[in-house]
Amino acid sequence: MTKVELRATYTEGRIRRLAEQLHRAKVPAQTFAAIMAGGEAIDPKGGDEHVAAWLAGAMDRLEALLDEPTRVCVRQGCACCLGGKRGQISRDIGLQHDTLEARIAAANEARFVFGHSVQRLADGQIEVSFFPAGLEHHRCPCLPHGDKPQSLTYCECCAGHVKHHLSRALATPVQGRVVASALASGGREGCRFRFEVVG
């Protein structure tokens, strides 16, 4: 399918991005069809509850049919909000600071891009947290109306968002994963991501 065909078939943005990334990953047609089953019928005007329910099933199928590296790559490729003001802020951090430590400190101050904090852990990994510690409840900004927890696989799209901006801010490639999320935990945990510098 071309991008035009995918746009016409899947009108809801998050569902269409999933289809595009599966296509980009060259997932076999039969597997693609199984994962995307029913996605063309989801109306973006039908409300987040319907989208969340479909995505929950799609994540189950993704986990059953694709190996972990492929599904992580697919979901991280679904990241949104990669340009605009966020893109400019992360790019400026990388250009205006000379050391990794200074860039991490500047990223930590960039709340609009990275949420609550960016910090270097004792093992050298870089952890990004969207929420402060101690909150009684955390709410997912991506699927705020989902009525039950989603698979952590869904949240890899946010890991892709953080990876994109963190790579720019640190002026070096990073790789990593989501380690906890509001959506997967039913609001009990905040969204946290861990990355390591690979450049």
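Residues numbered from 1 in each chain as written. Predicted model: local features only at pLDDT ≥ 70, side-chain atom pairs only at ≥ 80, totals over all residues. Heavy atoms only, no water.

Asker: Sorry if this is basic, but what is going on with helix H9 (residues 156–170) here?
Answerer: Along an α-helix, residues three or four apart share an orientation, since each turn contains 3.6 residues. Between its first and last C-alpha, H9 extends 20 Å over 15 residues, near the 21 Å set by a 1.5 Å rise per residue. The buried fraction of H9 is high, at twelve of 15 residues. Among the residues of H9, Glu156, Cys157, Cys158, Ala159, Gly160, His161, Val162, His165, Leu166, Ser167, Ala169 and Leu170 are the ones counted as buried. Backbone geometry just downstream of H9 places Ala171 in the positive-phi region, at approximately 55°. (Helix = DSSP H or I, 4+ residues; strand = E, 2+ residues; numbered from the N terminus. Expected span 1.5 Å × (residues − 1). Buried < 20%, exposed > 50% of the residue type's maximum accessible area, 1.4 Å probe, protein only.)

Asker: In this structure, what is going on with the environment of Val162? I would like to understand it.
Answerer: In this structure, Val162 sits in helix H9. Looking at Val162, the relative accessible area reads 1%, which means it is buried. Spatially, the C-alpha atoms of Val162 and Ala110 are 12 Å apart, while their sequence positions differ by 52 residues.

Asker: So what exactly am I meant to see when it comes to the pattern of salt bridges here?
Answerer: Two side chains carrying opposite charge are able to pair once their charged atoms lie near each other. Scanning all chains against the criterion turns up eight salt bridges. Across the salt bridge formed by Arg177 and Glu68, the nearest N and O atoms sit 3.1 Å from each other. Placement of Arg177 in strand E3 (residues 174–180) and of Glu68 in helix H5 (residues 68–76) is noted, with a sequence separation of 109 residues between them. (Salt bridge = Lys/Arg side-chain N within 4 Å of Asp/Glu carboxyl O.)

Asker: In this structure, what is going on with the nonpolar core? I would like to understand it.
Answerer: The tendency in soluble globular proteins is for nonpolar side chains to be buried side by side. Leu18, Leu22, Met36, Phe114, Leu166 and Phe193 are the most contacted members of the largest nonpolar core, which totals 49 residues. With residues near it in sequence (within four places) discarded, Phe193 still touches Ile126, Glu127, Val128, Phe130, Cys155, Cys158, Ala159, Val162, Arg177, Val178 and Val179. (Core = buried A, V, L, I, M, F, W, Y, C linked by side-chain atoms within 4.5 Å. Contact = heavy atoms within 4.5 Å.)

Asker: Mind showing me how you'd approach the sheet that holds strand E2 (residues 126–129) here?
Answerer: The pairing of strands in a sheet comes from backbone hydrogen bonds and takes either a parallel or an antiparallel form. Taken in spatial order, the four strands make up an open sheet running E1-E2-E4-E3, and their pairing is antiparallel. Of all strands in the sheet, those with a lone pairing partner are strand E1 (117–120) and E3, marking the two edges. Strand after strand, the sheet turns through a mean of 20° between neighbouring axes, direction not considered. Here E2 runs beside strand E4 (residues 192–197); their pairing, made up of four bridges, is antiparallel. If you follow Ser129 over to E4, its bridge partner there is Arg192. The strands touched by helix H7 (residues 100–109) within the sheet are E1, E2 and E4, with E1 carrying the most contacts at an inclination of about 155°. (Pairing = 2+ DSSP bridges. Axes fitted to C-alpha atoms, helices over the stretch in contact; angles between N-to-C directions.)

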